[in-house]
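# Architecture at a glance
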Amino acid sequence: NDAISHRMLRSLETLELNYSKKTDDAFFHTLSKWGIPSLKYLDLFGNGIGDSGMSSLAHALSKEATPLLETLMLGQNQIGDNGLKALSGSLSEIPNLKDFHIHQNQIGDDGMTALANVLSEGDIPKIPKLEHLCVAGNQIGERGMTAFSSSLSTGAIPNLRCLHISNNQICDGGLSALATAFTPN
């Protein structure tokens, strides 16, 4: 019965769909249409969402659909620069986001720069509650980390407590920019 399914979906707080391969456009359309207003934890690890799926997910994640979402897990999904670009603008639509994991994908400098640009737009932090960001195991280099570090120094993520950047291609220049971002004025 659709009414029962809809009622159950709307009361869900945790949804883990690891390696399910069920996270296609139909799933994202359902999420966008019905929303899961009580959802706090969404784990889509290892589903091969890719860049095209990220566009659909970005549309599905909004204040109306997932207003309480605190944790978004998108590791091992074959997400590249275009996927992170598609999602970056929507991250500000997730007002309670505290943990964002997009590790072990194919994100490089262009994706990280797009995220940095969105984060540093305007005077108000776009993801004010974000405490934990994991971008480990991607292809982020010096240019992407320098852009991200620049956005950090503007106060774009004021509550960031944990940053996972291991297993990328970050050189001394990117690490130096990051150190500068964390140095008090």
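Residues numbered from 1 in each chain as written. Predicted model: local features only at pLDDT ≥ 70, side-chain atom pairs only at ≥ 80, totals over all residues. Heavy atoms only, no water.

Once that is clear, we can look at the nonpolar core. Among the nonpolar cores identified, the biggest contains 47 residues, and L72, L74 and F100 are the most heavily contacted of them. At the level of elements, α2 (25-34), α3 (50-60), α4 (81-88), α5 (109-119), α6 (142-153) and α7 (172-181) are the ones that each hand at least two residues to this core. Ignoring any residue separated from it by four or fewer positions in sequence, one finds F100 in contact with L72, L74, L87, L91, L130, H132, L133 and C134. (Core = buried A, V, L, I, M, F, W, Y, C linked by side-chain atoms within 4.5 Å. Buried < 20%, exposed > 50% of the residue type's maximum accessible area, 1.4 Å probe, protein only. Helix = DSSP H or I, 4+ residues; strand = E, 2+ residues; numbered from the N terminus. Contact = heavy atoms within 4.5 Å.)

Attention now moves to the pattern of salt bridges. A full pass over the atoms with the stated rule returns one salt bridge. R143 is the salt-bridge partner of D110, the closest N and O atoms lying 2.8 Å from each other. Here D110 is found in helix α5, whereas its partner R143 is found in helix α6, with 33 residues between them in sequence. Under the relative-accessibility criterion, D110 is labelled partly exposed at 35%. Owing to a relative accessible area of 48%, R143 belongs among the partly exposed residues under this scheme. (Salt bridge = Lys/Arg side-chain N within 4 Å of Asp/Glu carboxyl O.)

This part is about the side chain of S151. Topologically, S151 is positioned in helix α6. Assessed through its relative accessible area of 1%, S151 is described here as buried. Discounting residues that sit within four places of it in the chain, S151 has contacts with A116, L119, S120 and A156.

Let's shift gears to the packing of α5 against α6. Contact geometry of α5 with α6 gives a least axis separation of 8 Å together with a crossing angle of 10°. Put simply, α5 runs roughly parallel to α6. Contacts between α5 and α6 pair D109, D110, M112, T113, A116 and L119 from the former with E142, R143, G144, M145, A147, F148 and S151 from the latter. For the contact of α5 with α6, the per-class residue count stands at six nonpolar, three polar and four charged. (Axes fitted to C-alpha atoms, helices over the stretch in contact; angles between N-to-C directions. Parallel < 35°, antiparallel > 145°, perpendicular 65-115°, else oblique. Nonpolar A, V, L, I, M, F, W, Y, C, P; charged D, E, K, R; others polar.)

Moving on to the environment of N77. Mapped onto the secondary structure, N77 falls in the loop between β3 (71-73) and α4. Non-local contacts of N77, meaning those with residues more than four positions away in its chain, are made with L44, F45, G46, N47, G48, I49, G50, Q104 and N105. Only 2.8 Å separates the side chain of N77 from the backbone nitrogen of N47, close enough to count as a polar contact. (Polar contact = N/O pair within 3.5 Å; in protein donor to acceptor, adjacent residues only side chain to side chain.)

Should pLDDT be low for a region, the predicted coordinates there are not to be read in detail. When the pLDDT values of the protein chain are averaged, the result is 89; 94% of them are 70 or greater. Confidence scores differ between elements of the protein chain, with helix α1 (residues 2-10) showing the lowest mean pLDDT of 66 and strand β4 (residues 99-101) the highest of 98. (pLDDT = per-residue confidence, 0-100.)

A packed helix pair is summarised by two numbers, namely the angle formed by the two axes and the spacing between the axes. Interhelical geometry of α4 versus α5 gives an angle of 10° and a closest axis separation of 7 Å. Classified by the angle between their axes, α4 and α5 sit roughly parallel to one another. Counted together, D81, L84, K85 and S88 of α4 and D109, D110, G111, M112, A114, L115 and V118 of α5 form the full contact between these two elements. Its residues placed into classes, the contact of α4 with α5 shows five nonpolar, two polar and four charged.

What follows concerns the sheet that holds β3. Within the open sheet, the six strands sit side by side as β1-β2-β3-β4-β5-β6. Their pairing is parallel. Bordering the open sheet on either side are β1 (14-16) and β6 (162-164), each of which pairs with just one other strand. Shown here is a sheet whose adjacent strand axes are inclined to one another by a mean of 5°, direction ignored. The sheet contact formed by strand β2 (residues 41-43) and β3 spans three bridges and is parallel. Paired with D43 across the strands is M73, a residue of β3. (Pairing = 2+ DSSP bridges.)

Attention now moves to unusual backbone geometry. Generally, phi is negative for residues other than glycine and the peptide bonds are trans, each holding for most cases. Residues other than glycine seldom take positive phi values, yet Q76 does so here, at roughly 50°. Locating Q76 in the fold gives a position in the loop between β3 and α4. Phi at Q104 takes a positive value of approximately 55°, unusual for a residue other than glycine. If you trace the backbone, Q104 turns up in the loop between β4 and α5.

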